[in-house]
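What follows is the residue order along each chain.
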Amino acid sequence: MDSTIDLSKITDDGRIPFLSGKNKGLEARKQLGLQEYDDKHEQVKVNFPENLDCNESFLGGLFSNSISILGSRSAFLSLYNIVGMTEDVRGRLNSVITATLSEGTSLSKLRK
């Protein structure tokens, strides 16, 4: 498997400057094959076009399952080496990571 994911593939080579919505994120996740990287715990470089903006819903659809599977911020960021992301988008991703991990903790407490 190729160890690089290029998000420009889902932006029509940069012609789509903004991605939004959980469903779009889930579609992108499937199209880019993220589940395979999660299953194999294979490190991958994610090229995030600098001109690409997206909302938290999209990022959640794209990455929340991976974050949940990996179980920690450091494990997620070690597996997914995300490059090119603006500081604004990185801040949104950090919010998604925090929310996903908090949700997972709440769910695991309920199961006990």
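The following paragraphs examine the structure supplied in this document. (Residues numbered from 1 in each chain as written. Predicted model: local features only at pLDDT ≥ 70, side-chain atom pairs only at ≥ 80, totals over all residues. Heavy atoms only, no water.)

**Description of the pairing of strand S5 (residues 80-83)**
In summary, the side chains of a regular strand alternate between the two faces of the sheet. On S5, burial follows the alternation: Tyr80 and Ile82 on one face are buried, whereas Asn81 and Val83 on the facing-out side are not. Where strand S3 (residues 44-47) lies against S5, four bridges are found, and the strand directions are parallel. Across the sheet, the residue bridging to Val46 is Ile82, located in S5. (Buried < 20%, exposed > 50% of the residue type's maximum accessible area, 1.4 Å probe, protein only. Helix = DSSP H or I, 4+ residues; strand = E, 2+ residues; numbered from the N terminus. Pairing = 2+ DSSP bridges.)

**With respect to helix H1 (residues 22-32)**
Burial in H1 covers these residues: Gly25, Ala28, Arg29 and Leu32. Projection of H1 onto a plane perpendicular to its axis shows the buried side chains occupying an angular sector of 105°, all on one side. Turned more than 90 degrees from where H1 packs its buried face, Asn23, Lys30 and Gln31 sit exposed. Tucked into the core, H1 has its buried residues touching strand S1 (4-6), helix H2 (34-40) and helix H3 (56-70). Gly33 lies just past H1 and shows a positive phi near 75°. (Arc of directions from axis to C-beta. Contact = heavy atoms within 4.5 Å.)

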